[in-house]
Amino acid sequence: MGAATATPRRYRARLIQVDRWGSSGWYGREVIARDGPVAFPIGTHLYIDHPTPIEEDGRPERSVRDIAATITSMPVCEADGLYADIEVVPHHAELVASLSKITGLSIRAEGLAESGTREGRTGPVITAITRGHSVDFVTRAGAGGAIVSLLEAARERGLPVNLREASAEVTRTALQAAVRATYGTGEGRYAWVRDFDPDKGIV
């Protein structure tokens, strides 16, 4: 009988897709190619989940217990997105390996945006990523980040924005709360989100 195979820890990851809408705005190839390698250099942390607003306010530096991996190669912009190698810490290896095909990666950063129209949709167009914070493992990526392969053998111009690519579940919950607060506050009145598709901008 052969030796047991160790849990994989090294992967090739797409940190974010290009030329697409995310939950924070439109991410064009030119901006991602220019700013992505600087914002998310070697050593950048990947955490389990985005922080909640309370966690982000109380401990913006995050908890060491939630560090899942680090970026180990300089990110490069390829055909459909920004790619880098990552290495998972030993105590999170089994979790990441088991969820690698059904979870996504989502950036946390600061940047600039201007109002614009892309693919028939108007909204914030990201013009610069000024500071990267982390890339996090989330239930569903807002802008197409994902583990792609195993490496064991592989507004106004200048408007500041927080580039936190929320998971679809977080966005839907926030929309539901906003709709209820705005339209469902009267006696006998009920309001809810009937349909939601973050990729097509449908609410």
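Source: prediction; values computed, not measured.

Visitor: Which residues make up helix α1 (residues 29-39), and what values go with them?
Guide: Among the residues making up α1, those that are buried are Val31, Ile32, Asp35, Gly36, Pro37 and Ala39. At its buried positions, α1 is contacted by β1 (10-17), β3 (26-27), β6 (76-77), β7 (81-88) and β9 (121-138).

Visitor: Let's hear about the nonpolar core: which residues, and what values?
Guide: Judged by nonpolar contacts, the single largest core of 30 residues is most densely connected at Leu15, Tyr27, Phe40, Leu46, Ile86 and Phe137. Within the residue set of this core, elements represented by two or more residues are β1, α1, β5 (67-71), β7, β8 (104-118) and β9. Not counting chain neighbours up to four residues away, the residues in contact with Leu15 comprise Phe40, Ile71, Pro75, Leu82, Ala84, Leu105, Ile107, Val135 and Gly145.

Visitor: Summarise the environment of Pro160; cite the residues concerned and give the values.
Guide: Structurally, the position occupied by Pro160 is in strand β11 (residues 159-164). Judged by its relative accessible area of 60%, Pro160 falls in the exposed class. When near neighbours in sequence (up to four residues on either side) are disregarded, Pro160 contacts Gly111 and Leu112.

Visitor: Explain the side chain of Arg14 to me, using residue names and the numbers behind them.
Guide: As for its placement among the helices and strands, Arg14 is situated in strand β1. In this structure Arg14 comes out as buried when scored by relative accessible area, which is 13%. In terms of polar contacts, Arg14 uses its side chain to reach the backbone carbonyl oxygen of Gly144, at 2.7 Å. With residues up to four places along the chain from it excluded, the contact list for Arg14 reads Asp80, Gly81, Leu82, Tyr83, Leu105, Gly144, Gly145, Ala146 and Val148.

Criteria and cut-off values
- Residues numbered from 1 in each chain as written.
- Predicted model: local features only at pLDDT ≥ 70, side-chain atom pairs only at ≥ 80, totals over all residues.
- Heavy atoms only, no water.
- Buried < 20%, exposed > 50% of the residue type's maximum accessible area, 1.4 Å probe, protein only.
- Helix = DSSP H or I, 4+ residues; strand = E, 2+ residues; numbered from the N terminus.
- Contact = heavy atoms within 4.5 Å.
- Core = buried A, V, L, I, M, F, W, Y, C linked by side-chain atoms within 4.5 Å.
- Polar contact = N/O pair within 3.5 Å; in protein donor to acceptor, adjacent residues only side chain to side chain.

These values are about where atoms sit, not about what they do.
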